[in-house]
Amino acid sequence: MSKLSRKLLLSIKLNHLTEAGATVIYSIQAKLVKNKKLKEKLQRFSREENLHMNELNKIIIKYGSNPLPLAKITKVFSIIFTLFSAIGRQRTILRTDIYLEKIGIATYRRQKELMLGLVDNETIEKYDMFIQMEEGHLRWLKEWKENRLDIQK
Ligand SMILES: [Fe+2]
Ligand SMILES: [Fe+2]
């Protein structure tokens with residue numbers, strides 16, 4: 001069932017690593033923030049990015065390839081990255097997350113376009129689910145930032 005181009009497969013593999021990174025970023029951020037509601041949301045986002053990572057892992061294998069063996073390296077980068085964003089405050093964290101979610105959504109949309117006609121319905125449905133979930137993350141983060149932070153300026 002390997003009809004995907006090498007370039008597309010590589011892009012899915014990089015996405016898989018990004019999700020591994022996002023899982024770590026959110027879980028560290030959840031430890032750093034004090035607000036209980038924000039903390040719980042970030043923990044939930046971490047679990048959801050982890051789910052995306054596992055699903056992408058299955059898709060990569062399904063289409064005849066292997067995920068990049070870089071998960072550990074990504075985790076190290078993510079920890080460093082998160083520590084930097086932790087030096088800032090909640091605003092820095094939210095800005096970073098909003099930026100990353102936007103990139104994530106754009107990446108999933110682009111990959112889905114390239115996959116149409118080449119993968120089964122299940123894979124497209126998974127992609128629709130990823131996009132919906134990331135849009136949910138983005139919406140929540142933006143609302144939180146606007147309601148909780150922008151007012152206090
Ligand atoms: Fe994700
Ligand atoms: Fe997300």
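Just so it is clear, the model here is predicted, and its values are computed rather than measured.

Help me understand the pattern of salt bridges in this model?
As a working rule, side chains carrying opposite charge can pair if their charged atoms are close by. Evaluation of the coordinates by the stated rule reveals 9 salt bridges. The closest approach of N and O atoms between Lys36 and Glu40, which form a salt bridge, is 3.3 Å. One end of the pair, Lys36, and the other, Glu40, are both in helix α2 (residues 36-62), 4 residues apart, so they sit about a helical turn from each other. Given a relative accessible area of 62%, Lys36 falls into the exposed group. We classify Glu40 as partly exposed; its relative accessible area is 44%. A salt bridge links Glu55 to Lys126, with the nearest nitrogen and oxygen atoms 2.8 Å apart.

When you look at the coordination of the iron ion (ligand 1) in this model, what are you seeing that I'm missing?
When a metal holds four donors in a tetrahedron, each ideal angle between them is 109.5 degrees; when it holds six in an octahedron, the ideal angles are 90 or 180 degrees. The protein atoms that coordinate the iron ion (ligand 1) are Glu19 (OE), Glu19 (OE), Glu49 (OE), His52 (ND1) and Glu134 (OE), at distances of 1.9 to 2.3 Å. Donor residues for the iron ion (ligand 1), ordered by position in the chain, follow E-x29-E-x2-H-x81-E. In this structure, the iron ion (ligand 1) lies 4.0 Å away from the iron ion (ligand 2), the two metals sharing Glu49 as a donor. One end of the pair, Glu49, and the other, His52, are both in helix α2, 3 residues apart, so they sit about a helical turn from each other. Both residues of the pair, Glu49 and His52, belong to the buried class.

Explanation requested: the coordination of the iron ion (ligand 2) in the structure shown.
In this structure, Glu49 (OE), Glu101 (OE), Glu101 (OE), Glu134 (OE) and His137 (ND1) serve as the protein donors to the iron ion (ligand 2), at separations of 2.0 to 2.3 Å. Of note, the donors binding the iron ion (ligand 2) are all from one chain and are spaced E-x51-E-x32-E-x2-H. You can call Glu134 buried: its relative accessible area is 2%. With relative accessibility at 1%, the residue His137 sits in the buried group.

Looking at this structure, I do not really get the packing of helix α1 (residues 6-32) against helix α4 (residues 90-115). What am I missing?
Helix-helix packing is described using two parameters, namely the angle between the two axes and the distance between the axes. One way to put it is that α1 packs onto α4 with a least axis distance of 11 Å and a crossing angle of 155°. Classified by the angle their axes make, α1 and α4 are roughly antiparallel. Helix-helix and strand crossings are classified by hand; for α1 and α4 the assignment is left-handed. Listed contacts from α4 to Leu8, Ser11, Ile12, Asn15, Glu19, Ile25, Tyr26 and Gln29 of α1 are Ile93, Asp97, Leu100, Glu101, Thr107, Tyr108, Gln111, Leu114 and Met115.

Here is what the cut-offs are and how they apply
- Residues numbered from 1 in each chain as written.
- Chains lettered and ligands numbered in written order.
- Predicted model: local features only at pLDDT ≥ 70, side-chain atom pairs only at ≥ 80, totals over all residues.
- Heavy atoms only, no water.
- Salt bridge = Lys/Arg side-chain N within 4 Å of Asp/Glu carboxyl O.
- Helix = DSSP H or I, 4+ residues; strand = E, 2+ residues; numbered from the N terminus.
- Buried < 20%, exposed > 50% of the residue type's maximum accessible area, 1.4 Å probe, protein only.
- Donors = N, O, S within 2.8 Å, 3.2 Å for Na, K, Ca; no water.
- Axes fitted to C-alpha atoms, helices over the stretch in contact; angles between N-to-C directions.
- Parallel < 35°, antiparallel > 145°, perpendicular 65-115°, else oblique.
- Left-handed = near helix turned anticlockwise from the far one by under 90°.
- Contact = heavy atoms within 4.5 Å.

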